[in-house]
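# Chain and residue survey
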Amino acid sequence: SRAESVLRETATALSIGFGLPGLPMMRPDALTPTDLVRAACVRAFIGEPNLLLLDKPAPERIAELVPALLNALMIRRDQQAASIWLTRGDTLWNDRAFPASMRFRLLDRGLIPARARG
C-alpha cells in the first residue's frame, strides 16, 4: 500500500541518516552493538512522534552518532515536537550547541532547574 511505501522510504532515509547502509535486514543478534543503537534511533523517529523520550541514549559512547541524533531532534523540534533526554554524562549537558530549551538536574530534593554555565 501507499502508506507502507511511505513508511519504508522514511525508515530507509532515517537509517541512512543514522549511518546504516539502509534498512537493517538481519536479525538483531547479527547486528553490531553500534548498529543496534543506530536502529534504535531510527525506531525512535518513525511516524513523526510529538514526544521523544531518550533514556540514557548511547551516543555519548558513539560520538559519530551525535550529529545525526541532534539533527533529527532539531527537525522534530521545528515541527513542534518535544523531547526529554535523560543522561548521566556531561558530554551533551555541557554542549551549549545542544538544542535544549530547559535543563534540569535530578537531586535528592527533586528536579532543579540548571543555571547556565559559562
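For the structure given in this document, a descriptive report is provided here. (Residues numbered from 1 in each chain as written. Predicted model: local features only at pLDDT ≥ 70, side-chain atom pairs only at ≥ 80, totals over all residues. Heavy atoms only, no water.)

On to the overall build of the chain, then. Across its full length, the chain holds three helices and four strands. If you list the helices and strands of the chain from N to C, you get α-α-β-α-β-β-β. Out of the 118 residues belonging to the chain, those deemed buried represent 29%. Restricting the contact set of the chain to residue pairs at least 6 apart, pairs at least 24 apart contribute 52%. Carbon and sulfur atoms form 57% of the exposed surface of the chain, whose accessible area is close to 8400 Å². (Helix = DSSP H or I, 4+ residues; strand = E, 2+ residues; numbered from the N terminus. Buried < 20%, exposed > 50% of the residue type's maximum accessible area, 1.4 Å probe, protein only. Contact = heavy atoms within 4.5 Å. Areas by Shrake-Rupley, 256 points an atom, 1.4 Å probe, with all protein chains shown as cover.)

To continue, consider the environment of R103. Locating R103 in the fold gives a position in the loop between β2 (82-86) and β3 (104-107). Separated by 11 residues in the primary sequence, R103 and A114 have C-alpha atoms spaced 5.5 Å apart.

Bringing a nonpolar patch on the surface into the picture now. Together, L51, L53, I84 and L86 make up a nonpolar patch on the protein surface, roughly 380 Å² of accessible area in all. Mapped onto the nonpolar patch, the elements with two or more residues apiece are β1 (51-55) and β2. Of note, L53 is situated in strand β1. (Patch = residues over 30% accessible without salt bridge, like charges linked within 9 Å, V, L, I, M, F, W, Y side chains within 5 Å. Salt bridge = Lys/Arg side-chain N within 4 Å of Asp/Glu carboxyl O.)

Turning our attention to the environment of T87. Positionally, T87 belongs in the loop between β2 and β3. Considering only alpha carbons, one finds T87 and D55, 32 residues apart in sequence, at a separation of 6.8 Å.

Ranked by internal contacts, the top residues of the largest apolar core, which has 17 residues, are F18, F45, L65, L69, L73 and W85. Of all elements in the fold, only α2 (33-45), β1 and α3 (66-78) reach the threshold of two or more residues within this core. (Core = buried A, V, L, I, M, F, W, Y, C linked by side-chain atoms within 4.5 Å.)

Take α2 next. Over its 13 residues, α2 runs 19 Å from end to end, which matches the ideal 18 Å to within 8%, given 1.5 Å per residue. Listing the buried residues of α2 in full gives V37, R38, A39, C41, V42 and F45. Buried residues along α2 sit in contact with α1 (2-17), β1 and α3. Downstream of α2 by one or two residues, G47 has phi in the positive range, about 85 degrees. (Expected span 1.5 Å × (residues − 1).)

In this section: the pattern of salt bridges. Under the definition given, this model contains four salt bridges. Measuring nitrogen to oxygen at the nearest pair gives 3.6 Å for the salt bridge that ties R38 to D35. Here R38 and its partner D35 are both found in helix α2, three residues apart, which amounts to about one turn of the helix. The class of R38 is buried, set by a relative accessible area of 10%. Across the pair E64 and R38 runs a salt bridge, and its minimum N-O distance is 3.2 Å. Here R38 lies in helix α2 and E64 lies in the loop between β1 and α3, a separation of 26 residues in the sequence. Of the residues examined, E64 reaches a relative accessible area of 53% and is grouped as exposed.

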